[in-house]
Amino acid sequence: MTATPTRTGGAGRPPQAARRPAAAGRTPTARRSLRRAVPLVPAVVLLALFMLGPVIWSVYGSFTNASLSGTAASSPRFVGLDNYLALITDPDFPNALWLTVVFLLLSAVIGQNFLGLGLALLTAAAPKAVRSVVATTVVTAWVLPEIVAAFACYAFFSSDGTLNRMLAAVNAEPVDWLFTYPMAAVILANIWRGTAFSMMIYEAALNDVAPEITEAAVIDGAGGWKRLIYVTVPMIRNSISTNLMLITLQTLSVFTLIFVMTSGGPNQRSTTLPIFAYAEAFGLGKVGYGTAIATVMLLIGAVFSILYIRVLKPGDNS
Amino acid sequence: MTTSIASPRRSVSRGVSSAVLLAVAACFLLPLAWLLLASLDTKATASLNLPAEFSLANFSAVLTPEQTLWPLWNSFLLSAGCAVITVLAAVLAAYPLSRHQARYNKPFLYGVLFGTGLPITAMMVPVYSMFVRLGQLDSVATVALFMAATSLPMAIWMTKNFMDSVPVSLEEAAWIDGASAMRALRTVVVPLMRPGLAVVFIFVFIQAWGNFFIPFILLLSNHKQPAAVTVFNFFGQYGSVAYGQLAAFSLLYSIPVIVLYILVTKGIGGSFATAGAIKG
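As annotated in an unreviewed UniProt entry, chain A carries the name ABC transporter, permease protein 1 (Cluster 1, maltose/g3p/polyamine/iron) and comes from uncultured Arthrobacter sp. Under the heading Sequence similarities (unreviewed entry), UniProt records this for chain A: "Belongs to the binding-protein-dependent transport system permease family." Its UniProt record, at the heading Subcellular location (unreviewed entry), says of chain A: "Cell membrane".

Asks: Just to check I follow, could you spell out the overall build of chain B for this structure?
Replies: Helices and strands together make up the secondary structure of chain B, namely 13 helices and 0 strands. With respect to the three principal axes, the spread of C-alpha positions in chain B is 70 × 70 × 35 Å. The long-range fraction of contacts in chain B, counting pairs at least 24 apart against all pairs at least 6 apart in sequence, stands at 74%.

Asks: Would you take a moment to explain the overall build of chain A for this structure?
Replies: When its secondary structure is counted, chain A shows 16 helices and 0 strands. The proportion of buried residues among the 318 residues of chain A is 49%. Here the analysis covers contacts within chain A between residues at least 6 apart in sequence; of these, 71% occur between residues at least 24 apart.

Asks: Just to check I follow, could you spell out the packing of helix α10 (residues 182–207) of chain A against helix α13 (residues 237–252) of chain A for this structure?
Replies: Helix packing for two helices is described by the angle between their axes and how far apart those axes are. All names here are of chain A. It is the contact of α10 with α13, at a shortest axis distance of 10 Å, that shows an interaxial angle of 155°. One finds that α10 runs roughly antiparallel with respect to α13. Relative to α13, α10 is oriented so that their crossing is right-handed. Where α10 abuts α13, its residues N190, G194, F197, S198, I201, Y202 and A205 lie against S239, N243, I247, Q250 and T251.

Asks: I'm lost on the interface of chain B and chain A in this one. Help?
Replies: Accessible area lost upon the coming together of the parts serves often as the stated size of an interface. Across the contact, 97 residues belong to chain B and 103 residues belong to chain A. Partitioning the side of chain B that touches chain A into residue classes produces 62 nonpolar, 29 polar and 6 charged.

Asks: How should the confidence of the model for chain A be read in this particular structure?
Replies: The predicted structure's coordinates, where accompanied by low pLDDT, should not be read in detail. Residues and elements named next belong to chain A. With 89% of its residues at a pLDDT of 70 or more, chain A has an overall mean of 84. Averaged pLDDT values over the elements of chain A bottom out at 71 in helix α3 (residues 71–74) and peak at 94 in helix α7 (residues 146–157). Within the model, pLDDT remains below 50 along residues 1–25, and this stretch shows 64 contacts once partners closer than five positions in the same chain are excluded.

Asks: Can you help me understand helix α15 (residues 273–283) of chain A in this one?
Replies: Because each turn of an α-helix spans 3.6 residues, side chains separated by three or four positions in sequence point in the same direction. Residue and element names in this part refer to chain A. The element α15 is largely enclosed, with a buried count of 9 among its 11 residues. The complete set of buried residues in α15 reads L273, P274, I275, F276, A277, Y278, A279, E280 and A281. Where α15 terminates, the next one or two residues include G285, which has phi positive at roughly 75°.

Asks: Would you explain the domain arrangement of chain B in this entry?
Replies: All names here are of chain B. According to the domain assignment, chain B consists of domain 1 (1–55) and domain 2 (62–279). Relative placement of domain 1 and domain 2: their C-alpha centres are 32 Å apart. Contact residues are listed per partner, giving 8 residues for domain 1 and 6 residues for domain 2. In the side of domain 1 that touches domain 2, the residues fall into 4 nonpolar, 3 polar and 1 charged.

Asks: Help me understand the UniProt feature "domain: ABC transmembrane type-1" (unreviewed entry) in chain A in this model?
Replies: The feature "domain: ABC transmembrane type-1" (unreviewed entry), as annotated in UniProt, sits at residues 98–308 of chain A in this numbering. Taken end to end, residues 98–308 of chain A comprises 81% helix and 0% strand; its first and last C-alpha atoms sit 22 Å apart.

Asks: I tried to follow the UniProt feature "transmembrane region" (unreviewed entry) in chain A on my own but got confused; where do I start?
Replies: Residue and element names in this part refer to chain A. This chain's UniProt record puts "transmembrane region" (unreviewed entry) on residues 40–60, 96–121, 133–157, 177–193, 244–267 and 287–309. Across residues 133–157 one finds 92% helix and 0% strand; the C-alpha atoms that close the span lie 24 Å apart. For the annotated span residues 287–309, helix accounts for 100% and strand for 0% of the residues, and the straight-line distance between the end C-alpha atoms is 32 Å.

Asks: I'm lost on helix α9 (residues 194–210) of chain B in this one. Help?
Replies: Between its terminal C-alpha atoms α9(B) stretches 24 Å, which fits the 24 Å expected from 17 residues at 1.5 Å a residue. Of all 17 residues in α9(B), 13 are buried; the element is thus mostly enclosed.

What counts, and at which threshold
- Residues numbered from 1 in each chain as written.
- Chains lettered and ligands numbered in written order.
- Predicted model: local features only at pLDDT ≥ 70, side-chain atom pairs only at ≥ 80, totals over all residues.
- UniProt positions renumbered as here; feature names shortened; annotations may be inferred.
- Helix = DSSP H or I, 4+ residues; strand = E, 2+ residues; numbered from the N terminus.
- Contact = placed C-beta atoms within 7 Å.
- Buried ≥ 20, exposed ≤ 12 C-beta atoms within 10 Å, placed from the backbone.
- Axes fitted to C-alpha atoms, helices over the stretch in contact; angles between N-to-C directions.
- Parallel < 35°, antiparallel > 145°, perpendicular 65-115°, else oblique.
- Left-handed = near helix turned anticlockwise from the far one by under 90°.
- Nonpolar A, V, L, I, M, F, W, Y, C, P; charged D, E, K, R; others polar.
- pLDDT = per-residue confidence, 0-100.
- Domains from an automatic or database assignment.
- Expected span 1.5 Å × (residues − 1).

Structure representation (structure tokens):
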């Protein structure tokens with residue numbers, strides 16, 4: 001799940017005028033503020049049950065030997081830090097952690113982010129027809145359900161797929177991408193699928209940059225790259241940090257794309273943390289161990305989430 | 001960002017940038033074109049081919065009740081159920097957050113924002129064992145509630161922002177006429193923010209419709225599975241044999257979200273909708 005309370009939204013910012021109506025000049029009594037909080041109850045119950053609940057359950061479950069079947073399924077035993085100790089000594093864990101970092105950096109931070117920014121910059125000055133062709137294709141890849149995108153990418157990279165067909169057309173050796181370079185395939189697939197998001201964020205941000213400012217830079221003699229680095233990028237830096245946080249969080253939870261394309265293989269060579277947790281818990285039946293991996297992922301997500309809140313600072317206008 | 005100063009190099013660089021853009025668009029188009037052409041080709045392979053003859057045979061092969069119609073109906077039930085629950089809870093929660101200055105507002109909104117960042121895929125193993133313990137595995141209603149909870153943080157955030165832009169003065173008039181807060185919400189605020197609520201509803205619906213992992217883990221019976229899971233099972237069984245049918249099924253399953261997306265962006269949305277409607 002991913003989302004954007006972004007600064008770029010325009011319509012979305014709360015106007016200050018919409019604050020507490022002036023009608024009630026007295027200080028609210030405790031009873032009244034309690035009564036006013038009643039509409040929050042359904043949301044609070046849902047969030048407590050199904051968001052906070054699993055988080056607490058995750059921490060608790062990571063200290064048990066819960067499994068898919070057998071006695072440990074119905075009555076798991078408390079095993080203390082065993083799962084975490086096993087995690088530290090398991091050579092597959094650093095592998096999954098490393099592949100997750102590679103996946104995050106190459107597909108999100110570098111791929112989606114720079115391609116998105118590049119497309120937004122180029123389309124801003126492009127003819128309308130070109131712009132709409134780019135927007136339609138890039139955004140369609142993003143709107144498709146994840147599993148459909150995964151099939152399309154699977155077919156594209158498979159040994160008798162479109163990519164090898166094109167390589168054959170220029171007399172290059174065909175490569176079994178999904179087996180020989182599984183990480184490259186899933187990284188490119190995630191760039192294909194996710195770039196639209198960054199592109200739209202940056203398009204909105206660039207729209208807010210006043211043309212006078214870039215014009216002034218042109219008059220001062222700043223060339224294209226200088227203008228980009230010293231004028232445009234500083235002006236949209238809030239959008240850049242928001243976008244980086246969001247695509248990192250989105251990419252951290254990518255499961256279906258990799259699961260369909262490579263199932264983490266061959267030989268765990270594309271096993272990122274979500275795939276690792278799934279394989280341990282449901283493939284090998286080690287639910288407690290999978291839960292410990294899940295807890296580690298939640299911690300990583302929580303760190304990014306806190307960073308993201310600090311960037312966004314909702315307290316400024318709420 | 002428009003450069004309004006003409007320079008001699010401009011038309012050349014414009015041509016170059018258009019060429020680059022079209023090349024990128026072509027790369028993005030290839031996998032999409034495969035979906036479309038393979039679905040119309042009875043002899044489709046994994047590679048992009050122009051069909052020898054265009055036929056709708058793949059579509060008629062997959063358009064059977066058990067293969068497509070029931071799974072799509074299941075997807076609809078799950079997504080619509082999730083979206084209705086989410087929007088109701090979000091509107092109710094957004095009202096006090098938007099209209100009253102209370103001590104709990106800030107921590108609550110911080111909590112909500114924090115929730116939007118949690119990786120739901122990371123939670124699926126503990127959620128599975130929690131569902132086992134609660135005896136809720138294979139229950140469509142509980143899965144819809146769970147999915148509603150996962151989309152709720154974002155929905156509350158969006159709904160509150162939309163509600164903030166509805167002027168308070170109209171409600172004050174309703175209050176003076178003796179309407180309660182809930183009545184003012186129902187008769188004044190909600191009708192005024194209908195486009196915003198549609199955006200939230202569609203956003204949640206699209207996310208739920210495309211979700212594969214949650215029903216894959218939490219639903220067991222075949223007849224309850226949404227299209228995302230049945231298309232995956234089909235792929236596992238026949239995928240490499242029947243690429244054409246796989247593509248046809250994928251397209252049938254994708255059309256609703258594409259239509260809804262166009263509705264939001266062209267009809268009600270604007271830039272906020274596009275920036276807000278994010279995949280899972």
